[in-house]
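Overview (structure and organization)
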Amino acid sequence: MSKRNSRGQCGLLGTKFLLSAQDMDRAVAFYRDVIGLEVRTHSPWWSELAFGTAIIALHGGGTGEFRATGLSFTVDDIGSACDAVVQGGGSVRSGPEDRGDEGIYLADLTDREGNGFMMSQDK
């Protein structure tokens, strides 16, 4: 039987958010050049990009069809960020919109691989 370690019940060391990529080079370029993540590892089937301790892991074999992911980025200027996504080959599905009492502006976007994600800006 295992004992709890100093990092919690399951020995948590970090988190990764997994997305599928049809074209790994294109996906890495999008998250590096448009979103601004740092490439930690890059291969045809597995790549990792990071912002601080947050890691976006890209797995090869995607189909390019849309899929919701739950991924969200907070930005300082949502209008400019949405423009950058479009210029980088992604798309804006909706917004940015004022979310009222939630205290944010929110946009739903899609990367070049079909992965849906959100961007928000604090009011």
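Just so you know, these numbers come straight off a predicted model, no measurement behind them. (Residues numbered from 1 in each chain as written. Predicted model: local features only at pLDDT ≥ 70, side-chain atom pairs only at ≥ 80, totals over all residues. Heavy atoms only, no water.)

So, the overall build of the protein
Heads up, the rule is: Secondary structure counts use DSSP, requiring at least four H or I residues in a row for a helix and at least two E residues in a row for a strand, with both numbered from the N terminus. Any residue under 20% of the maximum accessible area for its type is buried, any over 50% is exposed, and the rest in between are partly exposed; the area is computed with a 1.4 Å probe on protein chains only. Note on definitions: a residue-residue contact is assigned when non-hydrogen atoms from the two residues lie within 4.5 Å. To measure how exposed things are, a 1.4 Å probe is used in the Shrake-Rupley method; for residues, cover is taken only from the protein chains shown. When charges are counted, neither His nor the chain ends are considered; positive counts come from Lys and Arg and negative counts from Asp and Glu. Taken as the charge centre is NZ of Lys, CZ of Arg, CG of Asp or CD of Glu, depending on the residue.
Each helix and strand counted, the protein has 2 helices and 8 strands in total. A principal-axis box enclosing the C-alpha atoms of the protein has dimensions of 50 × 40 × 25 Å. Here the protein holds 123 residues, and the buried ones make up 35% of them. Summarising the internal contacts of the protein: among those between residues at least 6 apart in sequence, 50% fall at separations of at least 24. Of the roughly 7,500 Å² of accessible surface on the protein, 48% is carried by carbon and sulfur atoms. Separation between the mean location of the 12 positive side-chain charges and that of the 17 negative ones in the protein comes to 11 Å.

Looking at the sheet that holds strand E4 (residues 54-60)
Hydrogen bonds between backbone atoms are what pair the strands of a sheet, whose relative direction is either parallel or antiparallel. The cut-off we apply is this: Strand pairing is assigned whenever DSSP detects at least two bridges linking the two strands. Whenever a helix is involved, its axis is fitted only over the stretch in contact; in every case the axis is a line through C-alpha atoms, and angles between N-to-C directions fall within 0 to 180 degrees.
Overall, mixed pairing links the 4 strands, which are arranged E1-E4-E3-E2 in an open sheet. The sheet is open, and its two borders are formed by strand E1 (15-21) and strand E2 (38-42), each paired with just one other strand. Going across the sheet, the axis of each strand differs from the next one's by a mean of 25 degrees, ignoring polarity. In terms of strand pairing, E2 meets strand E3 (residues 46-51) through 4 bridges, oriented antiparallel.

Notes on helix H2 (residues 78-87)
Stated formally: This arc describes the spread of directions from the helix axis toward the C-beta atoms. Side-chain atoms alone can form a polar contact between residues adjacent in sequence; in general such a contact is a pair of N or O atoms within 3.5 Å, and within protein one must be able to donate a hydrogen while the other accepts it.
Every buried residue of H2 is accounted for by Ile78, Ala81, Cys82 and Val85. One side of H2 carries all its buried residues, which in axial view fall inside an arc of 100 degrees. Against helix H1 (24-35), strand E6 (91-98), strand E7 (104-110) and strand E8 (115-122) lie the buried residues of H2. For H2, the N-terminal capping position is held by Asp77, with its side-chain oxygen 3.2 Å away from the main-chain nitrogen of Gly79.

Focus on the packing of aromatic side chains
The condition is simple: Ring pairs shown here join Phe, Tyr and Trp side chains whose ring centres sit within 6.5 Å, with only the six-membered ring taken for Trp; geometry is labelled stacked below 30 degrees between planes, edge-to-face above 60, and tilted in between. Here, a charge over a ring is recorded when the distance from Lys NZ or Arg CZ to the ring centre is within 6 Å and its angle to the ring normal is within 35 degrees.
The final tally for this structure, using the stated rule, is 4 aromatic pairs. Centre to centre, the rings of Phe73 and Phe117 are 5.8 Å apart; their planes meet at 80 degrees, and the pair counts as edge-to-face. One end of the pair, Phe73, is in strand E5 (residues 67-74); the other, Phe117, is in strand E8, and 44 residues separate them in sequence. The pair Phe73 / Phe117 is uniform in exposure class, with both members buried. An aromatic cluster is present here, built from Phe30, Tyr31, Phe73 and Phe117 joined pairwise through their rings. Above the ring of Tyr105, the side-chain terminus of Lys123 is found at 5.8 Å from the ring centroid.

Some thoughts on the pairing of E3
The turn joining E2 and E3, which pair antiparallel and follow one another in sequence, is formed by 3 residues. Pairing analysis gives 6 bridges linking E3 to E4, with the strands arranged antiparallel. Of the residues in E4, the one forming a bridge with Trp46 is His59. Between E3 and E4, which pair antiparallel one after the other, the connecting turn spans 2 residues, and Gly52 there sits at a positive phi close to 65 degrees.

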